[in-house]
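# An overview of the molecular structure
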Amino acid sequence: MIPQPIFLNEWAVTIILILGASVGSFLNLVIYRLPVILRRQNHDMTSPDIKWSRFNLAIPRSHCIACKRNLTFLELIPILSWLAIKGKCKSCQCKISPRYPLVEILTALLTLSIIYIFGIQLKTGAILIFSWSLLALAFIDWETKFLPDQITLPLLWIGLLTNVAGTITSLPSAVIGAILGYGFLWLIYWLYKIIVKTEGMGYGDFKLLAAIGAWLGWQALPITILLSATSALLFAIIGLIRGTINRGDSIPYGPFLAFSALICLVGYDIGLKELILIG
Ligand SMILES: [Zn+2]
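Bear in mind that the values here come from a model prediction, so they are computed numbers and not experimental data. By convention here, each chain's residues receive numbers from 1 onward along its written sequence. Restriction of local features to residues with pLDDT of at least 70 applies here, the model being predicted, together with a cutoff of 80 or more for giving and counting side-chain atom pairs; totals for whole chains, interfaces and linings are based on all residues.

### Quick word on the overall build of the protein
A tally of helices and strands in the protein yields nine helices and zero strands. The way it works is that DSSP assigns letters per residue, a run of H or I at least four long becomes a helix, a run of E at least two long becomes a strand, and they are numbered from the N terminus. Shown N-terminal to C-terminal, the secondary structure of the protein runs as helices and strands in the order α-α-α-α-α-α-α-α-α. For a compact globule of 279 residues, the expected C-alpha radius of gyration is about 19 Å, and the protein comes in at 20 Å, within 12% of that figure. The C-alpha extent of the protein, read off along each of the three principal axes, is 60 × 55 × 40 Å. When contacts within the protein are restricted to residue pairs at least 6 apart in sequence, long-range pairs at least 24 apart make up 71% of them. What the globule rule says is 2.2 Å times the number of residues to the power 0.38, and the radius of gyration is computed from C-alpha atoms. Any two residues are considered in contact once their C-beta atoms, placed from the backbone, lie within 7 Å.

This is how it looks when you write it as structure tokens:
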């Protein structure tokens, strides 16, 4: 069934955008800190964050990565603070990654689109958790070429749990989606390894596609795989032509999977479902 987009007045839109940008700010924290926390757990102390004896999502306070100065309250305001300081730390003048405002803007727009399409209901809450997790995973993989189990595995279980009541898709479709999602990329991985004798992707990619299958059902897998593979290939070709990517470089597949799943999620309930099943 195609949901009827709900009417949101300008106040509702403003509040949703502010809340969305604040969630984006939290995602930025996870994107930067989770890989550091995992490195520290593996006793890899090459990280610049060795200075702190405790390092988790709450401790230490938000700081400049280069000079370690604690950020002021005004510097914590999403998007605007980055624009106000023109992307440079006030103290050490180091560049602050444009990833910070980008994630905040993307999260705000994604949150607004999802609430607009799916309305204010419990299902929307679940879909928001799924989409925010995909955004965080996309950027972590982009920056570290690694998809942490700490996000992919809970995402898989929560997806199956959400669909116990058939919230987004039926439970059989979710279970088959999880198995086929993992199995398909696992098969590609081994075929590639046997034929080309190198690893084409990582286990994190299998788990991510399994989670996508668990949330959206097996019907969404063909289009997610097609979209992600095509966009990754296009990205690689353009990079090779422009010289920003060299032969033999590896590019992370997670961001392409995550963004294709988001397109599928938004398109799924507004007509793509028929397209996927007929096509
Ligand atoms: Zn600084």
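### Here we look at the environment of Lys86
Its location among the elements puts Lys86 in the loop between helix 2 (80-84) and helix 3 (99-118). For Lys86, a count of 8 C-beta atoms within 10 Å gives the class exposed. Along the chain, Lys86 and Ile96 lie 10 residues apart, while their C-alpha atoms are 8.8 Å from each other. Exposure classes come from backbone-placed C-beta atoms, where a residue is buried if 20 or more other C-beta atoms lie within 10 Å of its own, exposed if 12 or fewer do, and partly exposed in between.

### Some remarks on the packing of helix 4 (residues 122-144) against helix 5 (residues 149-162)
Taken N-terminus to C-terminus, the directions of helix 4 and helix 5 make an angle of 160 degrees; their axes are 11 Å apart at the nearest point. On the basis of the axis angle, helix 4 is roughly antiparallel to helix 5. Two packed elements cross with a definite hand, and for helix 4 against helix 5 that hand is left-handed. Here Ala126, Ile129, Phe130, Ser133, Ala136 and Leu137 of helix 4 come into contact with helix 5, specifically with Ile151, Thr152, Leu155, Ile158, Gly159 and Thr162. Note on geometry: axes are C-alpha line fits, over the in-contact stretch for helices, and angles between N-to-C directions span 0 to 180 degrees. Each angle receives one of four descriptions, namely roughly parallel if under 35 degrees, roughly antiparallel if over 145, roughly perpendicular if within 65 to 115, and oblique otherwise. Handedness of a helix crossing follows the sense of rotation of the near helix relative to the far helix, less than a right angle counterclockwise being left-handed and clockwise being right-handed.

### Quick notes on the environment of Leu185
By the secondary structure assignment, Leu185 is in helix 6 (residues 171-196). Between the alpha carbons of Leu185 and Gly200 there is a distance of 10.0 Å; along the sequence they are 15 residues apart. With residues near it in sequence (within four places) discarded, Leu185 still touches Met201, Asp205, Phe206 and Leu209.

### What to know about the domain arrangement of the protein
An automatic or database domain assignment supplies the start and end points of every domain. When the domains of the protein are assigned, the result is domain 1 (1-118) and domain 2 (121-279). On a C-alpha basis, the centres of domain 1 and domain 2 stand 23 Å from each other. Taken together, the contacts link 20 residues of domain 1 with 20 residues of domain 2. Put simply, the parts of the chain that give the side of domain 1 that touches domain 2 at least two residues each are helix 1 (10-41) and helix 3. Ranked by residues supplied to the side of domain 1 that touches domain 2, first place goes to helix 3 with 11 residues. Three residue categories are used. Nonpolar comprises Ala, Val, Leu, Ile, Met, Phe, Trp, Tyr, Cys and Pro, charged comprises Asp, Glu, Lys and Arg, and polar comprises the others, including Gly. Of the residues belonging to the side of domain 1 that touches domain 2, the class tally is 16 nonpolar, three polar and one charged.

### Brief notes about the nonpolar core
The term nonpolar core means buried Ala, Val, Leu, Ile, Met, Phe, Trp, Tyr and Cys residues held together as one set by C-beta atoms within 7 Å. If you look at the biggest cluster of nonpolar residues, it comprises 53 residues, and the most contacted ones within it are Leu135, Ala136, Leu137 and Ala261. At the level of elements, helix 1, helix 3, helix 4, helix 5, helix 6, helix 7 (203-216), helix 8 (221-242) and helix 9 (254-278) are the ones that each hand at least two residues to this core. Ranked by residues supplied to this core, first place goes to helix 4 with 10 residues. Of the domains in this structure, domain 1 (1-118) and domain 2 (121-279) are the two that each give at least three residues to this core. For Leu135, the residues in contact, after removing those within four places along its chain, are Leu27, Val103, Leu106, Thr107 and Leu110.

### Observations regarding helix 3
Expected span of a helix: the number of residues minus one, times 1.5 Å. The end-to-end C-alpha distance of helix 3, which contains 20 residues, comes to 28 Å, matching closely the 28 Å that a straight helix rising 1.5 Å per residue would cover. Listed as buried for helix 3 are Pro101, Val103, Glu104, Leu106, Thr107, Ala108, Leu110, Thr111, Ile114, Ile115, Ile117 and Phe118. Positive phi appears at Gly119, one or two residues downstream of helix 3, with a value of about 80 degrees.

### Some details on the environment of Arg242
Inspection of the secondary structure puts Arg242 in helix 8. Judged by local crowding, Arg242 falls into the exposed class, with 8 C-beta atoms found within 10 Å. Residues Arg242 and Pro252, spaced 10 residues apart in sequence, show a C-alpha to C-alpha distance of 18 Å.

### Structural notes on the confidence of the model for the protein
Overall, the prediction assigns the protein a mean pLDDT of 89, with 92% of residues at 70 or greater. Confidence of the predictor at the level of single residues is captured by pLDDT, which takes values from 0 to 100. Of all secondary-structure elements in the protein, the lowest mean pLDDT belongs to helix 9, at 75, while helix 5 reaches the highest, 97.

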